[in-house]
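What follows is each chain in one-letter form.
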Amino acid sequence: MSPDTKGEDWMLLKANQLKVFRKDRLLFDIEELAIHQDDRIGLVGTNGSGKTTLLHVLAGQETPDSGTVAATATCILLPQLKQGDGRQSGGEMTQTYIERALSRPSALLLADEPTTHLDTEHIEWLEDKLRHYQGALIVVSHDRAFLDAICTEIWELDHGKLHHYKGNYTHFAQQKELAHRQQVEAYEAYTQKKKQLEHALEKKKKKADKATKPSQKVKSSGPKIAKPYYANKQKKLQKTAKSIETRMEKLEKVEKVKDIQPIQMTQHTMKEVASRTILRVENVDGKAGDKVLWKQANVEVRGGDKVAIIGKNGSGKTTFLRMLVNGHPGVTRSEAVKLAYFRQDLSGLKVDESILQNALKEAVQEETVVRTVLARLGFRGDDVHKAVGILSGGERVKTMLASLLVSDANVLMLDEPTNFLDLAAVEALEGLLKDYPGTVVFVSHDRRLIEEVATRIFHIHEERIEGFDGTYEAYKQKEEKPAVTNRDEELLLIDMELSEVLSRLSIEPSQELEERFQALLKQKKSLES
């Protein structure tokens, strides 16, 4: 779709022939883009594709190497925010900054990862704020549920080019999947046609070779007939072969699609803990200084569980996860448990070694499995030989996660594993965790990840840890469903008896039934008052 189809009158910003380089590498080359009034655009792409740089260029805070940006309205850039400064947490700082930005009059808001450090409640608060925002917006985010709630259009930066897709992130993913299937089909059709032509060419060449030896019948007709016959036959076959070769040359080449490789992990340590209670928390209190986080927690983890720990910022999610990792008098752990812990500081990575060397260091899986896991997370071919020291934050996170997934651990403890990951890596991690044969306990605010991976929920709220057997979707439905009280149950029983008494009164009226009917009505009125 052309960026200008909504008309010039609605246009807030237009850019043409944008080129930005990083040293000798072309970051992006965008022919044209336009932002119109009331646009709700999600900007996606892999780590390092240039999303943040593009926002800075559109906001006028960075000059492109070539091209023009023309804005007809005021623009506010909400940049990526760092962790808290001690006085405020990262979530509080983000929320304050967002409120300040939204209070300023502007026709266009550019927001770079605005959900970073926010808990689920405040992400939903931000969704509501942005839905009612009186202006256009472009949002960079790795939160798929957030992009679904806010966006009506997705822009993808892919290999330096900007592609436009109508709809929210789910619609974008569906369109990408359809394009993937069509490319697979086109490649299969191409290889089949190529094989047919190669087979036909080989056949004609063999016939041409045979034509050099005249048959006995032709020989008996004499040399005068045999030579012209052989020459004509060979000429025809060579002409046909040449025609096939021309068709092969003109056959449009279709590149093979990179398919997701299935992973078969060694499961010898997984079987030792399957379906058994491997972690038990009994009557454990949680505190942060003088602040009570929870009281008398009683929960357990079974082998094979995928447990999501959820709750507001400051509720004690990371504190609880560390308690499970480091041990506590009230936490019992099976001797068969082998823990691997992912924490935000990424300690454990050897920066002077390569991605592959780091992944292989504690690996019990075959190297082919290790390479497949790395490929799923975006490290393909020679990428695996890059030194960790030169990697971006997101790439280091992926290296650490891959190392844990292929280790001899049978229980993974993950603290906000999707931070700093691009959407492709988040989706890859989601698939890897779903397929992982061991146990996973993770802290996350990524609602889509929790929905797809978690089989159980630990919710820290109201100074308690509530355990729930079931998916996040089932837990949300339970939370939304009002609790049935004793009064509700009594009213239900009275209504049932009233129906029965009325039915009997209509068939065989009696004084006794009438009195019972009146008594029930009086009871019901008393409960409802």
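Each value, and the rule that gives it
Residues numbered from 1 in each chain as written. Predicted model: local features only at pLDDT ≥ 70, side-chain atom pairs only at ≥ 80, totals over all residues. Heavy atoms only, no water. Helix = DSSP H or I, 4+ residues; strand = E, 2+ residues; numbered from the N terminus. Contact = heavy atoms within 4.5 Å. Areas by Shrake-Rupley, 256 points an atom, 1.4 Å probe, with all protein chains shown as cover. Patch = residues over 30% accessible without salt bridge, like charges linked within 9 Å, V, L, I, M, F, W, Y side chains within 5 Å. Salt bridge = Lys/Arg side-chain N within 4 Å of Asp/Glu carboxyl O. Buried < 20%, exposed > 50% of the residue type's maximum accessible area, 1.4 Å probe, protein only. Core = buried A, V, L, I, M, F, W, Y, C linked by side-chain atoms within 4.5 Å. Pairing = 2+ DSSP bridges. Axes fitted to C-alpha atoms, helices over the stretch in contact; angles between N-to-C directions. Phe/Tyr/Trp six-rings, centres within 6.5 Å; stacked < 30°, edge-to-face > 60°. Lys NZ or Arg CZ within 6 Å of the ring centre and 35° of its normal. Expected span 1.5 Å × (residues − 1). Arc of directions from axis to C-beta. Right-handed = clockwise from strand over helix to strand, strands pointing away.

So, on to the overall build of the protein chain. Each helix and strand counted, the protein chain has 17 helices and 18 strands in total. Here the contacts in the protein chain between residues at least 6 apart in sequence split such that 67% fall between residues at least 24 apart. Entry remark: accessible area of the protein chain is about 29200 Å², with carbon and sulfur atoms responsible for 49%.

Turning next to a nonpolar patch on the surface. A cluster of nonpolar residues, Leu-492, Leu-493 and Met-496, forms a patch on the protein surface that exposes about 340 Å² of accessible area. Following the sequence through the fold, Met-496 ends up in helix α16 (residues 486-507). Exposure remark for Met-496: the relative accessible area of 52% places this residue in the exposed category.

As a rule of thumb, soluble globular proteins bury nonpolar side chains together. Within the largest apolar cluster, 46 residues are counted, with the highest numbers of intra-cluster contacts made by Leu-374, Leu-412, Leu-414, Phe-442 and Ile-457. Dropping the residues within four chain positions of it, Phe-442 is found in contact with Val-307, Ala-308, Ile-309, Leu-414, Leu-449, Ile-450, Val-453 and Ala-454. If you look at the next biggest cluster of nonpolar residues, it comprises 26 residues, including Trp-294, Val-325, Phe-458 and Ile-465.

By definition, the strands of a sheet pair up through backbone hydrogen bonds, in either a parallel or an antiparallel sense. Strand order in the open sheet formed by six strands is β14-β15-β16-β12-β17-β18, with mixed pairing between adjacent strands. Either end of the sheet is taken by a strand with one partner, and the two such strands are β14 (339-342) and β18 (464-469). In this sheet, neighbouring strand axes are inclined to one another by 15° on average, regardless of whether the strands run parallel or antiparallel. In this fold helix α9 (residues 317-326) packs onto β12 (306-310), β14, β15 (411-415), β16 (439-443), β17 (456-461) and β18, with an angle of close to 150° to the strand it touches most, β15.

Another point: the packing of aromatic side chains. Applying the stated criterion to the full structure yields six aromatic pairs. Ring centres 5.3 Å apart and planes at 50° place the aromatic pair Tyr-169 and Phe-172 in the tilted group. With Tyr-169 and Phe-172 both in helix α5 (residues 169-210) and three residues apart, this pair spans about one turn of that helix. This pair shows no difference in class: Tyr-169 is buried, exactly as Phe-172 is. Taken together, a centroid distance of 5.2 Å and an interplanar angle of 55° make the contact between Phe-468 and Tyr-475 tilted. Accessibility expressed as a relative area gives 2% for Tyr-475, which makes it buried. One aromatic cluster in this structure is built from Tyr-165, Tyr-169 and Phe-172. If you follow Lys-398 out to its NZ or CZ, it ends over the ring of Phe-379, 5.2 Å from the centre.

One non-glycine residue with positive phi stands out, namely Asp-38, at about 70°. Note on placement: Asp-38 falls in the loop between β2 (25-36) and β3 (40-45). Asp-38 gets classed as partly exposed once you look at its relative accessible area, which sits at 44%.

Strand order across the open sheet formed by three strands is β2-β1-β4, with antiparallel pairing between neighbours. At either end of the open sheet lies a strand with only one pairing partner, and these are β2 and β4 (66-71). Averaged over all neighbouring strand pairs, the angle between strand axes comes to 15°, with direction disregarded. Alignment of strand β1 (residues 11-22) against β2, held across ten bridges, turns out to be antiparallel. When the bridges of β2 are listed, Leu-18 appears paired with Ile-30.

This part covers the environment of Arg-504. Mapped onto the secondary structure, Arg-504 falls in helix α16. Its relative accessible area of 40% is what places Arg-504 among the partly exposed residues. Residues contacting Arg-504, with those up to four places away along its chain left out, are Pro-509 and Leu-513.

We now examine the environment of Gln-196. Turning to its location among the elements, Gln-196 is positioned in helix α5. Taking relative accessible area as the criterion, Gln-196 reaches 45% and is therefore assigned partly exposed. Separated by 52 residues in the primary sequence, Gln-196 and Met-248 have C-alpha atoms spaced 9.9 Å apart.

This part is about the side chain of Arg-447. By the secondary structure assignment, Arg-447 is in helix α14 (residues 447-453). Taking relative accessible area as the criterion, Arg-447 reaches 7% and is therefore assigned buried. Apart from residues lying up to four places away in sequence, Arg-447 is in contact with Thr-120, Ile-123, Glu-124, Glu-127, Asp-143, Ala-145, Phe-146 and Tyr-472.

The end-to-end C-alpha distance of helix α3 (residues 120-131), which contains twelve residues, comes to 16 Å, matching closely the 16 Å that a straight helix rising 1.5 Å per residue would cover. Within α3, burial applies to Thr-120, Ile-123, Leu-126, Glu-127 and Leu-130. Projection of α3 onto a plane perpendicular to its axis shows the buried side chains occupying an angular sector of 115°, all on one side.

Burial analysis of β16 places five of its five residues in the buried class, which makes it a mostly covered element. Judged from the four bridges that link them, β12 and β16 form a sheet pairing that is parallel. Residue pairing for β16: Lys-306 is matched across the bridge by Val-440. In this view, the connection linking β15 to its parallel neighbour β16 by way of helix α13 (residues 423-435) has right-handed handedness.

Such coordinate-based values are descriptive only and should not be taken to indicate function.
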